[in-house]
Structures are given as structure tokens and as C-alpha cells.
Amino acid sequence: MRDKLKDCNRIVVKVGTSTITYPGGRLNLKRIEELAWVLTDLRNRGKEVILVTSGAIGVGAVRMNMKERPTITKEKQAAAAVGQAMLMQIYHNFFDRYNQTVAQVLLTKEELSSDNRYENTHNTLMTLLEMGIVPIINANDTISTYEIEISDNDRLSAMVAEIVEADLLILLTDIDALYDKDPRHNEDAKRVSYVEAVTDEIKAMAGEKKGSEFSVGGMKTKLQAAEICLNAGVQMAIALGEDPKVIHRIIDGEDEGTLFGK
């Protein structure tokens, strides 16, 4: 299965809040620049790339001097409005260093549930890819109360992968793989290298939510994303986001993280 990843052409990469920020919520500029380099290098290899990014609310909250992620919806939306602008400016600056054009795409559940909007989203993303542009996608937390209350961007990235009929979705997170038990509390925990179906036994391995105080989601939402991908015929990998070059290693077929596929 991993050898087949070398033939993947259309790739969606999702980065979580804890991957692109430090524990205090401030942006990890070094890691974002490395991510921009890796994704641009994939484009130079002739692959089509989409980036799904979290972090707008967390980054905005820090900029607004909030001590923790806001819990009131209107404050989340305000933080998202500030954070989205900051995130896109940073992404644009780093991708521009490598002469790679990017585009911002904000999605809500309406774009994914309405046939007409679904088609429009598909057409927009496919046009951007055909023009060699890297779409940078996030949930439109500024206006949508649905996304802002439940969004984790793991499922969003899986839906995007389904929309564009991607070959592979890579979730970069703060844990290197799915384990048969919580590795933080069990020294004998074993990494699960390959999953063919998200069974009840696999779901039981998800454990509790992990991540920083500014992040949302956890292994449970990643397994939900895996189910969406498996049903759509998209392969999905979970890997540690500390070194964005892990993307290269996954695509080259190395045994990194956990691979979901059939």
C-alpha cells in the first residue's frame, strides 16, 4: 500500500493549530516556512496540492491578548476575523519566497451539503489546481456558527479530499500515529502502521482529546476523517507535524505514521 503512494498526484495536506503554533498560541514561523517549501517542492515535482489549515481562532485570540481560546461564539468569530488575515499574510509571504501562488478559500457546511454549491466549490478548486495555484482552505469561522462550534478541520479536509477526488490526504498533527493504547501513559503502546477499515476496535484506540489549549479535535475526529476518505476511495495518513518533510517521506513510501487505505 505504501509503495502506491509514490504514484499519488493530487494531495491534500491538513495542518492543525498545534502544528503551526507554539504552545502559547503564537505562530511557529520556522515550521510554516518549511511547510511552504515542502508543498512548493511537491508542485515542482508536478503534483497538485491543497492545504487545509487550522489556527485562525487561536492566532487571532493571541493577537487580541486573550489568555486562552475563546468560548463565546461572537468572540470566536472576532478572533477568526483577525486570525484569518494574519494567517493568509504569513502563508502568502512564505510561499511567495518560492514563487508559488496561493489562494484563500473559506468553506462552510453549506458549500459541502448543497449540490449547487458543492459543484461550485469543486469547479473553483479544480480550476485553481489546473492553473498551478495552491488553494489554502479553512472553515469560514467568521460567519458560520455551525463550523465554529464543531469544526475541527480534520473532517473538513476529508470532505475537500472527496470533492477534488484526491489520491491522498495527509493529516499533520501533534501525535505521530494511531496507537493501540495511549502512548503517554503506556510504555508498551504500539504504533498502528496500517488500517483498512475504521472498526469499533479502531475507534476504541482514539482515547481522549489531545492537543494544545488553542486547538480543537483529537484522534476521534481523525478517525471520522478516515471514514470519509475510505468511503470516497481516498487514502489518508496521520503523521507528526514537527518536521514537514515527513510529507516527502510518506509520499516516497516510507513507514511513517498510520496509513488508512484499501
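All of the points below concern the structure found in this document. (Residues numbered from 1 in each chain as written. Predicted model: local features only at pLDDT ≥ 70, side-chain atom pairs only at ≥ 80, totals over all residues. Heavy atoms only, no water.)

**Quick look at the overall build of the protein**
Reasoning step 1: Of regular secondary structure, the protein possesses 11 helices and 10 strands.
Reasoning step 2: Each of the three principal axes of the protein carries a C-alpha extent, and together these read 45 × 40 × 40 Å.
Reasoning step 3: The 262 residues of the protein split such that 56% are buried.
Reasoning step 4: For the protein, contacts bridging at least 24 residues in sequence account for 76% of all contacts bridging at least 6.
Reasoning step 5: On the protein, roughly 12,000 Å² of surface is accessible, and the fraction owed to carbon and sulfur atoms is 45%.
Reasoning step 6: For the protein, the distance from the average site of its 32 positive side-chain charges to the average site of its 40 negative ones is 3 Å. (Helix = DSSP H or I, 4+ residues; strand = E, 2+ residues; numbered from the N terminus. Buried < 20%, exposed > 50% of the residue type's maximum accessible area, 1.4 Å probe, protein only. Contact = heavy atoms within 4.5 Å. Areas by Shrake-Rupley, 256 points an atom, 1.4 Å probe, with all protein chains shown as cover. Lys, Arg positive; Asp, Glu negative; His and termini not counted. Charge placed at Lys NZ, Arg CZ, Asp CG, Glu CD.)

**Let's talk about the packing of aromatic side chains**
Reasoning step 1: One pass over the structure, following the stated rule, counts one aromatic pair.
Reasoning step 2: Their ring planes at 45 degrees and their centres at 6.5 Å tell us that Tyr91 and Phe95 sit as a pair that is tilted. With Tyr91 and Phe95 both in helix α4 (residues 73–97) and four residues apart, the pair spans about one turn of that helix.
Reasoning step 3: Assessed through its relative accessible area of 1%, Tyr91 is described here as buried. (Phe/Tyr/Trp six-rings, centres within 6.5 Å; stacked < 30°, edge-to-face > 60°.)

**Remarks on the sheet that holds strand β3 (residues 102–107)**
Reasoning step 1: Taken in spatial order, the eight strands line up as β3-β4-β2-β1-β5-β9-β10-β8 in an open sheet, and their pairing is mixed. The sheet is open, and its two borders are formed by β3 and β8 (194–195), each paired with just one other strand.
Reasoning step 2: With respect to the sheet, helix α2 (residues 29–44) is in contact with β1 (10–15), β2 (48–53), β4 (134–139) and β5 (168–173), its orientation differing from that of β2 by roughly 155 degrees. (Pairing = 2+ DSSP bridges. Axes fitted to C-alpha atoms, helices over the stretch in contact; angles between N-to-C directions.)

**Things to note about the packing of helix α8 (residues 154–163) against helix α10 (residues 219–232)**
Reasoning step 1: The contact between α8 and α10 brings their axes to 8 Å, and the two run at 10 degrees. Classified by the angle between their axes, α8 and α10 sit roughly parallel to one another. Facing α8, whose interface residues are Asp154, Arg155, Ala158, Met159 and Glu162, α10 presents Thr221, Lys222, Gln224, Ala225, Ile228, Cys229 and Ala232.
Reasoning step 2: Classifying every residue of the contact of α8 with α10 gives six nonpolar, two polar and four charged. (Parallel < 35°, antiparallel > 145°, perpendicular 65-115°, else oblique. Nonpolar A, V, L, I, M, F, W, Y, C, P; charged D, E, K, R; others polar.)

**Some details on unusual backbone geometry**
The bulk of non-glycine residues show a negative phi, and the bulk of peptide bonds are trans.
Reasoning step 1: For Asn65, which is not glycine, the phi torsion reads 65 degrees and is therefore positive.
Reasoning step 2: Mapped onto the secondary structure, Asn65 falls in the loop between α3 (56–63) and α4.
Reasoning step 3: Phi is positive for Glu165, which is not a glycine, with a value near 55 degrees.
Reasoning step 4: As for its position among the elements, Glu165 is in the loop between α8 and β5.

**Comments concerning the pairing of β2**
Reasoning step 1: Burial analysis of β2 places six of its six residues in the buried class, the great majority of the element.
Reasoning step 2: As paired elements, β1 and β2 share six bridges and run parallel to each other. The residue bridging Arg10 from the neighbouring strand is Glu48, located in β2.
Reasoning step 3: Bridge analysis of β2 against β4 gives two bridges, and the strand direction is parallel. Bridging across to β4, Leu51 finds its partner in Ile136.

**Some remarks on the pairing of β1**
Reasoning step 1: With six of its six residues buried, β1 lies for the most part within the structure.
Reasoning step 2: Here β1 runs beside β5; their pairing, made up of five bridges, is parallel. Looking across to β5, one finds that Val12 is bridged to Leu169.

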